[in-house]
Amino acid sequence: MKIWKKIMIVALSVLAISMGILASVVLSLYIDDKRKHHYSSHDDMVWLSENIQEVYHKKSYRLKDARTGKFTTPKLDCIYHSNDPADTLLVFRDKNAKRGYLSINTGRIVIPAQYEHAWNFSEGLAAVYHDGYVSFINMAGEPAFPQHFPCNYTSGRAFAFHDGTCTMCAPDGNWGLIDTNGNWILEPQYREIDKPYHGYRRISDGSLYGLLNSHGEEVLPLQYDNIKRANDGNGFLLQKEGICQQVDFSMQVTNPFVHDGIHMLSYIDDYPANLSDDYSIIMSLEPQFFRYDVGYGSGVIDSYGNVIIPAKYEMVRLVNDHLFEVQVTCYGERLLFDTNGNIVNSL
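First, a word on scope: everything that follows refers to the structure included in this document. Bear in mind the structure is a predicted one, so any value in this text is a computation, not a measurement.

Rules used in this analysis
Residues numbered from 1 in each chain as written. Predicted model: local features only at pLDDT ≥ 70, side-chain atom pairs only at ≥ 80, totals over all residues. Heavy atoms only, no water. Pairing = 2+ DSSP bridges. Helix = DSSP H or I, 4+ residues; strand = E, 2+ residues; numbered from the N terminus. Axes fitted to C-alpha atoms, helices over the stretch in contact; angles between N-to-C directions. 1 Å grid on protein atoms, 1.4 Å probe; cavity = no way out; pocket = protein on both sides within 12 Å on 5 of 7 lines; lining within 4 Å. Points joined across faces, edges and corners; volume = space filled by probe spheres on them. Nonpolar A, V, L, I, M, F, W, Y, C, P; charged D, E, K, R; others polar. Contact = heavy atoms within 4.5 Å. Polar contact = N/O pair within 3.5 Å; in protein donor to acceptor, adjacent residues only side chain to side chain. Core = buried A, V, L, I, M, F, W, Y, C linked by side-chain atoms within 4.5 Å. Buried < 20%, exposed > 50% of the residue type's maximum accessible area, 1.4 Å probe, protein only. Disulfide = S-S within 2.5 Å. Phe/Tyr/Trp six-rings, centres within 6.5 Å; stacked < 30°, edge-to-face > 60°.

Let's talk about the sheet that holds strand 15 (residues 184-190)
The strand order 13-14-15 describes an open sheet built from three strands, whose pairing is antiparallel. Of all strands in the sheet, those bounded by a partner on one side alone are strand 13 (165-169) and strand 15. Pairwise comparison of adjacent strand axes, ignoring direction, gives a mean angle of 25° for this sheet. Across three bridges, the pairing between strand 14 (residues 175-179) and strand 15 is antiparallel. Note that in strand 15 the partner of Leu 177 across the bridge is Leu 186.

Considering the layout of surface pockets
The rolling of a water-molecule-sized probe over the atoms marks out the regions of remaining empty space. Considered as a void within the structure, the largest pocket measures approximately 670 Å³ in volume. Looking at the lining of the largest pocket residue by residue, the class counts come to 10 nonpolar, nine polar and seven charged.

Let's talk about unusual backbone geometry
Within the chain, Lys 58 stands out as a residue other than glycine whose phi angle is a positive 50°. With respect to the helices and strands, Lys 58 occurs in the loop between strand 2 (52-57) and strand 3 (60-65). Look at Asp 163: it is not a glycine, yet its phi comes out positive at around 55°.

Description of the pairing of strand 27 (residues 307-313)
Here strand 26 (residues 297-302) runs beside strand 27; their pairing, made up of three bridges, is antiparallel. Counterpart to Ser 298 in the pairing with strand 27 is Tyr 313. Counting the residues between successive antiparallel strands, the hairpin from strand 26 to strand 27 contains four residues, one of them, Gly 305, with a positive phi of roughly 90°.

Description of the environment of His 130
Looking at where His 130 falls in the secondary structure, it is placed in strand 10 (residues 126-130). Taking C-alpha positions, His 130 is 9.8 Å from Pro 150, a pair spaced 20 residues apart along the chain. For His 130, the residues in contact, after removing those within four places along its chain, are Gln 114, Tyr 115 and Glu 116. Side chain to side chain, His 130 and Asp 131 meet in a polar contact 3.2 Å long.

Details of the nonpolar core
Considering soluble globular proteins, one finds that nonpolar side chains tend to be buried as a cluster. With 22 residues, the main nonpolar core has Val 134, Phe 136, Phe 159, Met 168, Ile 178 and Ile 193 as its most contacted residues. Elements represented by at least two residues in this core include exactly strand 10, strand 11 (133-137), strand 13, strand 14 and strand 15. In this view, Phe 136 contacts Leu 125, Ala 126, Ala 127, Glu 142, Pro 143, Ala 144, Phe 145, Phe 149, Phe 161, Cys 166, Met 168 and Ile 178; residues no more than four positions away in its chain are not counted. Counting residues in each nonpolar core, the second largest holds 12 residues, with Leu 265, Ile 308, Val 316 and Phe 324 among its members.

Describing the sheet that holds strand 19 (residues 218-224)
If you trace the four strands from one edge of the open sheet to the other, you get 16-17-18-19, paired in antiparallel fashion. This sheet does not close on itself; its edge strands, each paired only once, are strand 16 (192-193) and strand 19. Bridge count between strand 18 (residues 209-212) and strand 19: three bridges; the pairing is antiparallel. Each bridged residue has a counterpart across the sheet, and for Tyr 209 the counterpart in strand 19 is Tyr 224.

Description of the state of the cysteines
Between two cysteines, a covalent bond joining their sulfur atoms is known as a disulfide. For the structure on display, the rule yields one disulfide. Paired by a disulfide, Cys 151 and Cys 169 hold their sulfur atoms 1.9 Å apart. Taking the torsion about the S-S bond as the criterion, the Cys 151 to Cys 169 disulfide, at about -140°, is left-handed. With a gap of 18 residues between them, Cys 151 in the loop between strand 12 (149-150) and strand 13 and Cys 169 in strand 13 connect regions that are remote in the sequence. Here Cys 151 matches Cys 169 in class, with each residue buried. With no disulfide of its own, Cys 166 lies 9.6 Å from the sulfur of Cys 169, the closest cysteine sulfur. For Cys 166, a relative accessible area of 0% gives the class buried.

Here's the deal with the packing of aromatic side chains
Inspection of every chain in the model, using the stated rule, returns 14 aromatic pairs. Residues Tyr 197 and Phe 249 carry aromatic rings whose centres are separated by 5.9 Å and whose planes lie at 65° to one another, so their mutual orientation is edge-to-face. You can see Tyr 197 sitting in the loop between strand 16 and strand 17 (201-204) and its partner Phe 249 sitting in the loop between strand 22 (243-247) and strand 23 (253-255), a full 52 residues away along the chain. Since its relative accessible area comes to 15%, Tyr 197 is described here as buried. Here a set of aromatic residues connected by ring pairs shows up, and it is made of Tyr 197, Tyr 200, Phe 236 and Phe 249.

Structure follows, in structure tokens:
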């Protein structure tokens, strides 16, 4: 073998060994860095502020300062984000299921974990739950006012101030409103009070619904079967005794008849599809009556849109030109109505 070939083989061998050593060193440093920072390509990372990252790794959350590359909190069970961009303190839950608050600006815990439950700040105050009481703290972790409220807390219920008021419960399960000084502006008297929508809160006594304004005054009494936000975002849908209408935010009616669907009524509605070839039962129909739906209820209107039977029944069916059959509840009583909406018999 010529000498230059031997030299080439030796050089390539040395180069291959060197590249292998270099690759091993780089990989070792990379793995060491990952272990040092508990961070891998499988971690999830979210920026909470300009310098602070939230890192999820192996079922734990920690905050990390991007300037130093160091973690600023111990491993946490959960961090609860806020919908308010001005909220700089967030609730966290530690491995002992206690809650406290951390800062998204410094990445550090500012109020230690000590509460059984806690809610993010709203209008400078935050609700905390401990030993059967709801109380409020300021951003320094101090009591915002001396009042605290005995409450049987249930999951999913939030305490937050909106326009200076917050829903609050009483031991009997009723709800009212307090102000930012902890004083009742509306004594507990409702079974439900929703968070505000365009300044209005939906209220309920457990069966009927109404609306409060921002001052805690009833603008719609408890007499509706349901109240929902209008689909177009321009008011509310008020459902009462099978009739639904839309009102704007000044409580003026903008649509007197709202429904969830209209279907033609005919005598052959109940026939199986495989009988469609039996031409003796196929008839040309001039539709005169229609079923209309509101929520889970059904009723009848005529071809002019006049309500004959309100949409509050489980089922409606056309019997003949003069009669409708309705089912009051599922597997329940059935009634006959005439075309004037009068009950003529019970089946």
